[in-house]
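So the chains spell out like this:
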Amino acid sequence: MVGIVGYGAHLPRHRIKVEEIAKTWGADAPSYKKGLMLKEKSVPPPDTDTITLSVEATKNALRRAGKLDPADIGAVYIGSESHPYAVKPSGTVVAEAIGAVPDIHCADYEFACKAGSEAMFVCLGLVKSGYIKYGLAIGADTSQGAPSDALEYSAAAGAAAFIMGGENVIAEALHTYSYMTDTPDFWRREYEFYPQHGGRFTGEPAYFKHTLGAARGIMERAGATAKDITYAVFHQPNGKFPLRAGKTLGFSKEQIEPGLLSPTLGNTYSGASPIGLTSILDVAKPGDTIMMVSYGSGAGSDAFIWKVTERINEVRDSAVRTRKLLDENLTYIDYGTYAKFRHKIRKNE
Amino acid sequence: MFPSRIWRESKHRYRLEAGKCTKCGKVVFPYRLICPVCGHREFEKVILPETGKLLTYSIIRVAPSQFTDQAPYAIGIAELENGVRLLAQVADCEVDDIKVGMDVRIEFRRVQTDSHHGVLSYGYKFVPKWY
């Protein structure tokens, strides 16, 4: 049996409301709130980046993995589109911080918002093939959204970490499936600070085609319908898209809501569906099945079907639950503070 | 901060590695070659606990250049659960809300940024313990 042996998330405590961003740019907040189903989003303070979020999420994953020795982790892969360095890996810092060096393979992944699920996919494969005993897969981002652009209302920060292994499994990986085409719906060229996107083109031919394609593909391989799966979590660029994708596939709101965090978290890009999965694992019961479908612009989706084991009841409360990080101990900031935190104001050096 | 210093200090800055004297049990952080209590030269590696209480603090309002964006901020000394005291910035907290005796947790954060081009320095900071 191969699957998740430890999981954890980490979120910054700062939030900015949609009204605060809309007020700055003269936009209509109610239409954004209704149209995108977004209320607020997380904001990383200046001392928080993809590496720091990854380390804290990993520490939570290690707490749930019991007596696992970090030195037994044979690979660390971080998926993100906001690695702090253009040249220098993020994973080396994370591996050093948890004491997993030097016998470890490391790579930073990029594939827009599905880089985190890529890391999960590769770690599962390496564990299953016997190349490594444990693999650490992280999806983390401190996402960029250009000032006044629609993305600015959603681009958020957060991380989820999963330790894959073959012993003491919390959630077994029953099936995996990936679906990909070349679809230029969102991109950022070299030396550009903010990404560009294709507006409404990011919907039907991009997000929905790939998310639904991957979901239908894995459900067909599993011989399952929506009724056979307990929970589903999709990439969540806003609150609306994942609900619509779920409804199209026949999932009820009750199956989707435990993993739907974007209305108050925003879009954590590579962290989005992985953080949603941690939130579902926080409430899932042994025997439950979870379908996770990521989406990364460019474009593609990775799909997984997990089966929760009895061990979830032993480890669930060994670390903080994701909903607690989402809903409690929050600090709301104004647009000026947000602009300072996100380095949107040009200063002399 | 020089890359060589970041590299040299990463064990204690990144993962709170300390040394425990095998003769008298004194825990030293950062790691030392000679025990300051008994002069012994052998230590076993221990990892410091991640929670403690804030003993004292000072608020920095006029900050060095690499910290100006964070001012005002507090630097504090906390006593961890095993009695080790260490100095760090108190993050995620308005300076007016900081109290002596408050419970703190250690989190991994970016400690300083050497301009827009330089190496990034990571390490530990205190944050209020709220769960």
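Look a little higher up for the structure.
The following refers to the structure shown. (Residues numbered from 1 in each chain as written. Chains lettered and ligands numbered in written order. Predicted model: local features only at pLDDT ≥ 70, side-chain atom pairs only at ≥ 80, totals over all residues. Heavy atoms only, no water.)

**Examining the overall build of chain B**
Phase 1 of the analysis: Within chain B, the regular secondary structure consists of one helix and eight strands.
Phase 2 of the analysis: Listing each helix as α and each strand as β along chain B from the N terminus yields α-β-β-β-β-β-β-β-β.
Phase 3 of the analysis: Dimensions of chain B, computed from the C-alpha atoms along their principal axes, are close to 45 × 35 × 25 Å.
Phase 4 of the analysis: Within the span of chain B, comprising 131 residues, buried residues form 44% of the whole.
Phase 5 of the analysis: The long-range fraction of contacts in chain B, counting pairs at least 24 apart against all pairs at least 6 apart in sequence, stands at 47%.
Phase 6 of the analysis: A total accessible area of about 7200 Å² is found for chain B, and carbon and sulfur atoms account for 51% of it.
Phase 7 of the analysis: For chain B, the centre of its 20 positive side-chain charges and the centre of its 15 negative side-chain charges are spaced 7 Å apart. (Helix = DSSP H or I, 4+ residues; strand = E, 2+ residues; numbered from the N terminus. Buried < 20%, exposed > 50% of the residue type's maximum accessible area, 1.4 Å probe, protein only. Contact = heavy atoms within 4.5 Å. Areas by Shrake-Rupley, 256 points an atom, 1.4 Å probe, with all protein chains shown as cover. Lys, Arg positive; Asp, Glu negative; His and termini not counted. Charge placed at Lys NZ, Arg CZ, Asp CG, Glu CD.)

**Considering the layout of surface pockets**
Residues and elements named next belong to chain A.
Phase 1 of the analysis: Of the pockets and cavities examined, the second largest pocket occupies roughly 660 Å³.
Phase 2 of the analysis: Together, 29 residues line the second largest pocket, and L36, G199, T202, N238 and F241 are the ones closest to its centre.
Phase 3 of the analysis: Listing elements by their share of the lining of the second largest pocket, those giving two or more residues are α2 (29-36), α6 (203-222) and α7 (240-249).
Phase 4 of the analysis: When the residues that make up the lining of the second largest pocket are grouped by side-chain class, the tally is 12 nonpolar, 11 polar and six charged.
Phase 5 of the analysis: Mapped onto the domain boundaries, the lining of the second largest pocket takes at least three residues apiece from domain 1 (3-170 + 319-341) and domain 2 (173-312). (1 Å grid on protein atoms, 1.4 Å probe; cavity = no way out; pocket = protein on both sides within 12 Å on 5 of 7 lines; lining within 4 Å. Points joined across faces, edges and corners; volume = space filled by probe spheres on them. Nonpolar A, V, L, I, M, F, W, Y, C, P; charged D, E, K, R; others polar. Domains from an automatic or database assignment.)

**Points about the interface of chain B and chain A**
Phase 1 of the analysis: Contacts between the two partners involve 23 residues from chain B, matched on the other side by 29 residues from chain A.
Phase 2 of the analysis: Buried area between chain B and chain A, summed over both chains or domains, comes out near 2400 Å², and the portion from carbon and sulfur atoms is 51%.
Phase 3 of the analysis: The largest contributions to the chain B side of the interface with chain A come from D69, F108 and W130 of chain B, which together make up 28% of the buried area.
Phase 4 of the analysis: The tally of links from chain B across to chain A stands at seven salt bridges.
Phase 5 of the analysis: D69 of chain B serves as the salt-bridge partner of K347 of chain A, at 2.6 Å between the closest nitrogen and oxygen.
Phase 6 of the analysis: Counting every contact that joins chain B to chain A gives 13 residue pairs in polar contact (both at pLDDT 80 or more). (Buried area = accessible area lost by both parts, 1.4 Å probe. Salt bridge = Lys/Arg side-chain N within 4 Å of Asp/Glu carboxyl O. Polar contact = N/O pair within 3.5 Å; in protein donor to acceptor, adjacent residues only side chain to side chain.)

**Notes on the sheet that holds strand β3 (residues 40-43) of chain A**
Residues and elements named next belong to chain A.
Phase 1 of the analysis: Pairing is mixed in the open sheet, where three strands are placed in the order β3-β2-β14. Across the chains shown, the open sheet's two edge strands, defined by having one partner strand only, are β3 and β14 (331-332).
Phase 2 of the analysis: Here strand β2 (residues 14-17) runs beside β3; their pairing, made up of four bridges, is antiparallel. For H14, the partnering residue across the bridge sits in β3 and is V43. (Pairing = 2+ DSSP bridges.)

**Quick look at the sheet that holds strand β2 (residues 27-28) of chain B**
Residue and element names in this part refer to chain B.
Phase 1 of the analysis: Overall, antiparallel pairing links the three strands, which are arranged β2-β1-β3 in an open sheet. Two strands in the sheet have a free side with no partner beyond their single neighbour: β2 and β3 (43-47).
Phase 2 of the analysis: With two bridges joining them, strand β1 (residues 17-21) and β2 adopt antiparallel strand pairing. If you follow G19 over to β2, its bridge partner there is V28.

**Focus: the nonpolar core**
All names here are of chain A.
Phase 1 of the analysis: Formed by 41 residues in total, the largest nonpolar core has its most connected members in L277, L281 and W306.
Phase 2 of the analysis: Split by domain, this core shows at least three residues from each of two domains, domain 1 (3-170 + 319-341) and domain 2 (173-312).
Phase 3 of the analysis: L277 has contacts with I4, M120, F162, V233, I290, M292 and W306, leaving out every residue within four places of it along the chain. (Core = buried A, V, L, I, M, F, W, Y, C linked by side-chain atoms within 4.5 Å.)

**Quick notes on empty space enclosed by the protein**
Phase 1 of the analysis: Summed over the entire model, instances satisfying the criterion amount to one cavity of 30 Å³ or more.
Phase 2 of the analysis: Volume-wise, the largest cavity comes out at about 50 Å³.
Phase 3 of the analysis: Considering the residues around the largest cavity, the lining is formed by H10, E56, N60 and R63 of chain A together with E50, R105, E107 and Y131 of chain B.
Phase 4 of the analysis: Put simply, the parts of the chain that give the lining of the largest cavity at least two residues each are α3 (50-64) of chain A together with β7 (103-113) of chain B.

**Some remarks on helix α10 (residues 272-281) of chain A**
Since the α-helix advances by 3.6 residues per turn, residues separated by three or four positions end up pointing in the same direction.
Phase 1 of the analysis: The element α10 of chain A is extensively covered by neighbouring structure, given that 10 of its 10 residues are classed as buried.
Phase 2 of the analysis: A272, S273, P274, I275, G276, L277, T278, S279, I280 and L281 of chain A are the residues of α10 of chain A that are buried.

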